Amino acid sequence: MGAFLMTLLGGWAAHRITDRRHLVLGFAGGLMLGVVGLDLLPEALEAAGQDVFGVPAALLCFVAGFLAAHMVERLLAVRKAAHGISAAERTPQVGLTAAAALVGHSAMDGVAIGAAFQVGEGVAVAVAVAVIAHDFADGFNTYTITDLYGNDRHRALLMLAADAVAPLVGAASTLFFTLPAGFLGVYLGFFGGVLLYLATSDILPEAHHTHPAVSTLACTVAGAGFIWLVVGLAS
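Computed from a predicted model, the values in this text were never measured in an experiment.

Trainee: Can you help me understand the overall build of the protein in this one?
Mentor: Of the regular secondary structure elements, the protein holds eight helices and two strands. In the protein, the succession of helices and strands from N to C terminus is α-α-β-β-α-α-α-α-α-α. Out of the 235 residues in the protein, the part that is buried amounts to 43%. Approximately 11300 Å² of the protein is accessible, and the part contributed by carbon and sulfur atoms is 72%.

Dropping the structure here:
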């Protein structure tokens, strides 16, 4: 329930700060960079420790996720251009796909909480605190990404609601099965690549496009610093 409420709070914050959109996007970009570099990749490397031709499997999946997000966006842009629509326009499908990936990540957060309770209560509390803290970022990013790519407010709110419910579903699912650690590492690596692509190719450029201000850069640094704080407190 804590994860549910924090996700909604993050989405509410992203929706309300409309007159400071560049600051919202700058902060979201920092959050995404922090989540990828300080949270997802370390967990992925630990969970999927095996190498594939000299490279950790998690890092291969990370690169694959980045390339997959790039290809999806380019293919959708080419398809719109073929129908007489400017390729520079943002494709709502990309935003929905990215938001769906965030929903999947939130469900995995719930799985992590449920699986941790199978290990021990102390471990479960630590995992739950980390998940609840960064679910604010998940809700913030889910609403921001859906809205940024041209989806209407109704769709953005639906994706936010799905993201809020996902941890509950994920936690409940662990009553029926146990997720192999190797698969979790592969998933986290791939998802990290997708997030990094979205942050560096769309979120941050959009934030600085019309407002190349120091305040925007400060929000980006603050977003990454916030995730560092969360990870440090949870470790």
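On we go.
Trainee: So what exactly am I meant to see when it comes to helix 2 (residues 21–47) here?
Mentor: For an α-helix, 3.6 residues make a turn, and residues three or four places apart therefore share a direction. Taking 1.5 Å per residue, 27 residues should reach 39 Å; helix 2 reaches 36 Å between its end C-alpha atoms and fits that length. At valine 36, helix 2 shows its maximal bend, which comes to roughly 35°.

Trainee: Teacher, can you tell me more about the packing of helix 1 (residues 2–16) against helix 6 (residues 153–173) here?
Mentor: Working note: a packed helix pair is described by the angle between its axes plus the distance between those axes. Two elements in contact, helix 1 and helix 6, have axes whose closest approach is 7 Å; the angle formed by their N-to-C orientations is 160°. Of the possible angle classes, the one that applies to helix 1 and helix 6 is roughly antiparallel. Here the hand of the crossing between helix 1 and helix 6 comes out right-handed. Where helix 1 abuts helix 6, its residues Ala3, Phe4, Thr7, Leu8, Gly11, Trp12 and His15 lie against Arg153, Leu160, Asp163, Ala164, Val165, Pro167 and Leu168. Looking at side-chain class alone, the contact of helix 1 with helix 6 contains nine nonpolar, three polar and two charged residues.

Trainee: What's the story with the packing of aromatic side chains in this structure? I'm lost.
Mentor: Each aromatic ring pair is described using two quantities: the centre-to-centre distance and the angle formed by the ring planes. For the structure shown, the criterion picks out three aromatic pairs. Where phenylalanine 27 meets phenylalanine 140, the ring centres are 5.7 Å apart and the plane angle is 75°; that geometry is what we call edge-to-face. Here the residue phenylalanine 27 occupies a position in helix 2, and phenylalanine 140 occupies one in helix 5 (residues 121–148), the gap between them amounting to 113 residues. Residue classification places phenylalanine 140 among the buried positions, given a relative accessible area of 3%.

Trainee: Where do I start with the side chain of aspartate 135 in this structure?
Mentor: Note on placement: aspartate 135 falls in helix 5. Arginine 153 provides the closest opposite charge to the buried, salt-bridge-free aspartate 135, at an N-O distance of 21 Å.

Trainee: Which parts of the structure should I look at to understand the layout of surface pockets?
Mentor: A water-sized probe rolled over the atoms picks out the places where empty space is left. Within this model, the second largest pocket holds a volume of roughly 220 Å³. Lining of the second largest pocket is provided by 14 residues; of these, Ala69, Thr97, Ala98, Ala101 and Val194 occupy positions nearest its centre. By residue class, the composition of the lining of the second largest pocket is eleven nonpolar, two polar and one charged.

Trainee: Looking at this structure, I do not really get unusual backbone geometry. What am I missing?
Mentor: Generally, phi is negative for residues other than glycine and the peptide bonds are trans, each holding for most cases. In the Ramachandran plot, phenylalanine 53 falls in the positive-phi region, its phi being about 55° despite a non-glycine side chain. By the element assignment, phenylalanine 53 lies in the loop between strand 1 (51–52) and strand 2 (55–56).

Trainee: Honestly, the nonpolar core in this entry has me stumped. Any pointers?
Mentor: One finds Met32, Phe140, Ile145, Leu195, Leu198 and Ile203 to be the most contacted residues of the largest nonpolar core, which totals 39 residues. Listing elements by their share of this core, those giving two or more residues are helix 1, helix 2, helix 3 (57–82), helix 4 (92–119), helix 5, helix 7 (181–209) and helix 8 (214–234). Considering every element that reaches this core, the biggest residue donor is helix 2, with eleven residues.

Trainee: Hey, could you run me through helix 6 in this one?
Mentor: The end-to-end C-alpha distance of helix 6, which contains 21 residues, comes to 30 Å, matching closely the 30 Å that a straight helix rising 1.5 Å per residue would cover. Looking at helix 6, one finds that the buried residues are Ala156, Met159, Leu160, Asp163, Ala164, Ala166, Pro167, Gly170 and Ser173.

Trainee: Would you explain the side chain of threonine 144 in this entry?
Mentor: Position of threonine 144 relative to the elements: it lies in helix 5. Of the residues examined, threonine 144 reaches a relative accessible area of 6% and is grouped as buried. Only 2.7 Å separates the side chain of threonine 144 from the backbone oxygen of phenylalanine 140, close enough to count as a polar contact.

Trainee: What's the story with a nonpolar patch on the surface in this structure? I'm lost.
Mentor: Taken together, the side chains of Leu45, Val52, Phe53, Val55, Leu59 and Leu60 define a hydrophobic patch exposed on the protein surface, amounting to about 540 Å² of accessible area. Given the relative accessible area of 85%, phenylalanine 53 is considered exposed.

Trainee: Hey, could you run me through the environment of phenylalanine 66 in this one?
Mentor: Within the element layout of this structure, phenylalanine 66 appears in helix 3. C-alpha of phenylalanine 66 to C-alpha of leucine 195: the two residues are 129 residues apart in sequence and 7.7 Å apart in space. Here phenylalanine 66 is in contact with Gly193, Val194, Leu196, Tyr197 and Thr200, once residues within four sequence places are set aside.

Trainee: Could you clarify how one ought to interpret the environment of glycine 114 in this entry?
Mentor: Along the polypeptide, glycine 114 turns up in helix 4. Taking the relative accessible area as the measure of exposure, glycine 114 reaches 12% and is therefore buried. Once residues lying within four places of it in the same chain are set aside, the contact partners of glycine 114 are Ala171 and Thr174.

Criteria and thresholds
Residues numbered from 1 in each chain as written. Predicted model: local features only at pLDDT ≥ 70, side-chain atom pairs only at ≥ 80, totals over all residues. Heavy atoms only, no water. Helix = DSSP H or I, 4+ residues; strand = E, 2+ residues; numbered from the N terminus. Buried < 20%, exposed > 50% of the residue type's maximum accessible area, 1.4 Å probe, protein only. Areas by Shrake-Rupley, 256 points an atom, 1.4 Å probe, with all protein chains shown as cover. Expected span 1.5 Å × (residues − 1). Bend = angle between axes of the 7 residues up to and from the residue. Axes fitted to C-alpha atoms, helices over the stretch in contact; angles between N-to-C directions. Parallel < 35°, antiparallel > 145°, perpendicular 65-115°, else oblique. Left-handed = near helix turned anticlockwise from the far one by under 90°. Contact = heavy atoms within 4.5 Å. Nonpolar A, V, L, I, M, F, W, Y, C, P; charged D, E, K, R; others polar. Phe/Tyr/Trp six-rings, centres within 6.5 Å; stacked < 30°, edge-to-face > 60°. Lys, Arg positive; Asp, Glu negative; His and termini not counted. Salt bridge = Lys/Arg side-chain N within 4 Å of Asp/Glu carboxyl O. 1 Å grid on protein atoms, 1.4 Å probe; cavity = no way out; pocket = protein on both sides within 12 Å on 5 of 7 lines; lining within 4 Å. Points joined across faces, edges and corners; volume = space filled by probe spheres on them. Core = buried A, V, L, I, M, F, W, Y, C linked by side-chain atoms within 4.5 Å. Polar contact = N/O pair within 3.5 Å; in protein donor to acceptor, adjacent residues only side chain to side chain. Patch = residues over 30% accessible without salt bridge, like charges linked within 9 Å, V, L, I, M, F, W, Y side chains within 5 Å.

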